[in-house]
Amino acid sequence: AQLDKYAKLAGLSYFGTAVDNPRLYNPQYMSALQSSDEFGSLTPINAQKWKNIEPVQQVFTWAEADAIANTAKAGVGGKKTLRCHTMVWFKGLPSWVETTYSRADMEHILTAHIQNLAWHFKGRCYAWDVVNEAIDDNGVFRQSPMYKAMGIDFITFSFKTAAKADPSAKLYYNDYALESPFLSPGPKISITLAMLRTVKAQGGTVHGVGFQSHLKVGLVPPRSEMASTMQQFLEVVDEVAITELDIRHSPLKTPSTRAMWEQQARDYGEVVGACLDVNKGYGGRKCVGVTVWDFTDKYSWVPSEIPTEGEACLWDNNYVKKLAYWTVLNMF
Ligand code: XIL
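Computed from a prediction, not measured in an experiment: that's the story for all the values here.

Draft legend 1. Examining the overall build of the protein chain more closely. On a plain count of helices and strands, the protein chain comes out with 12 helices and 9 strands. If you line up the protein chain on its principal axes, its C-alpha atoms span 55 × 40 × 40 Å. Here the protein chain holds 332 residues, and the buried ones make up 45% of them. Sequence-distant contacts, at least 24 apart, represent 78% of the contacts inside the protein chain between residues at least 6 apart.

Draft legend 2. Structural detail: the pairing of strand β4 (residues 125-132). By the criterion of burial, β4 is predominantly enclosed, with 8 of the 8 residues buried. Summarising the sheet, strand β3 (residues 81-89) and β4 pair through 6 bridges and their orientation is parallel. Counted as the bridge partner of Trp89 is Asn132 from β4. In this fold, β3 hands off to helix α5 (residues 103-120), which returns the chain to β4; that crossover is right-handed. For β4 and strand β5 (residues 170-175), the ladder comprises 5 bridges, and the chain directions are parallel.

Draft legend 3. Inspection of helix α12 (residues 323-331) at higher detail. Among the residues making up α12, those that are buried are Ala324, Tyr325, Thr327 and Val328. For α12, the angular spread of the buried residues around the axis is 165 degrees, confining them to a single face. Buried positions along α12 lie against α1 (3-9) and α10 (258-282).

Draft legend 4. Examining the environment of Trp96 more closely. The topology assignment puts Trp96 in the loop between β3 and α5. Setting aside its immediate chain neighbours within four residues, Trp96 contacts Val56 and Gln57.

Draft legend 5. Focus on unusual backbone geometry. Cis geometry marks the peptide bond from Ser250 to Pro251, where omega comes out at -5 degrees. Relative to the elements of secondary structure, Pro251 occurs in the loop between β8 (239-248) and α10. Residue Pro255 is bonded to the preceding Thr254 through a cis peptide linkage, with omega at -5 degrees. Unusually for a residue other than glycine, Ala177 sits at a positive phi of about 60 degrees. Looking at the element boundaries, Ala177 is found in the loop between β5 and α8 (188-201).

Draft legend 6. Just the environment of Leu24, in detail. On the secondary structure map, Leu24 appears in the loop between β1 (14-19) and α2 (27-34). Judged by the 16 C-beta atoms lying within 10 Å of it, Leu24 falls in the partly exposed class. Separated by 43 residues in sequence, Leu24 and Ala67 have C-alpha atoms that sit 8.5 Å apart.

Draft legend 7. View of α5. Between its first and last C-alpha, α5 extends 26 Å over 18 residues, near the 26 Å set by a 1.5 Å rise per residue. Of the positions making up α5, those classed as buried are Met106, Leu110, Ile114, Leu117 and Ala118. The arc that holds the buried residues of α5, viewed along the axis, is 95 degrees, so those residues lie on one side. Turned more than 90 degrees away from the buried face of α5, the exposed residues are Ala104, Asp105, His108 and Trp119. Of the surrounding elements, those touching the buried residues of α5 are α3 (50-53), β3, α6 (145-150) and α7 (153-165).

Scoring rules and cut-offs
Position labels on residues start from 1 in each chain and follow its written sequence. It should be noted that, the model being predicted, local features are given only for residues of pLDDT at least 70 and side-chain atom pairs only at 80 or more, the latter also being counted only at that level, while totals for whole chains, interfaces and linings use all residues. Only runs of H or I of at least four residues qualify as helices and only runs of E of at least two qualify as strands under DSSP, and these elements are numbered from the N terminus. With C-beta atoms placed from the backbone, a residue counts as buried when 20 or more other C-beta atoms lie within 10 Å of its own, as exposed when 12 or fewer do, and as partly exposed for counts between those limits. Placing a C-beta atom from the backbone of each residue, one calls two residues in contact when those atoms lie within 7 Å. Criterion used throughout: strands pair if DSSP finds at least two bridges between them. The handedness rule is simple: strands pointing away from the viewer, and a clockwise path from the first strand over the helix to the second, make the crossover right-handed. Comment: arc refers to directions from the helix axis out to C-beta atoms. The span one expects for a helix is its residue count, reduced by one, times 1.5 Å.

What follows is the structure, encoded as structure tokens:
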């Protein structure tokens, strides 16, 4: 069974997974990752974040991010594309960025950072998440060092700089809680749409919007609802993608039951189905791909962030494919 192979036959450009460097030394993980055509795209989970790339100003550490890029190139199941993640985010910052800067200084810092990343990975990234999570759950711009120095101009500035530095990568805005107005009833979605319109009006290039989709079992947006939200974003950008999909049990009851797995499987089907419906609606490839935020419960980020929740992935702790895996495969 091969998720990426069948996703491509169903009109997506890829089915991918996120991967973090410690996993590269686990042979069982690597053989699941590289087997047949399960994954056609990789996203580095942490390796390209600012604090890992430039922990000290002017000191660059590319080894981990390069290791993931090389893994993508050397895939046993064929070459994988890379979704590069992420240039400008309020988290994952080195301490030297986490201070107060003037607008001019921040412009220099952002220019150097974005150029370094874009140039180093030039030709290797299908897409770059240029700006990640700029707006909080209440629709308020996050008080990052970038925002404090430049206001919302940091967003247009980042997209313009990225477009110049790597004109061939698809440039994305990536965030969570954009999937559905039912799940996120506040103004976050409309404020994000307005922000993207402003960036474009100011001459910024934004090709795509990434819907992270860190969701909860029993609480996913209905397929039609998520498809229509994606369509709203497609009035502003050329393409959308599901970029960090996982669906956690919240709370996680142990031992887990068949009923829990069945609900999770249906939920994964709804979300992947939304992406396919968008493409049907347009008669073309507009929701370009689905990426899961790691494929096995063994390495899911959920329990380390929220210990009472988990089992969010398509493969279980022992690399056994869960019901959700087979449901996703059957969607294609
Ligand atoms: C998370 C990683 O999974 C963790 O390992 C790390 O400690 C924090 O970041 N949204 C994003 C991702 O865009 O980069 C985050 O990844 C999860 C939420």
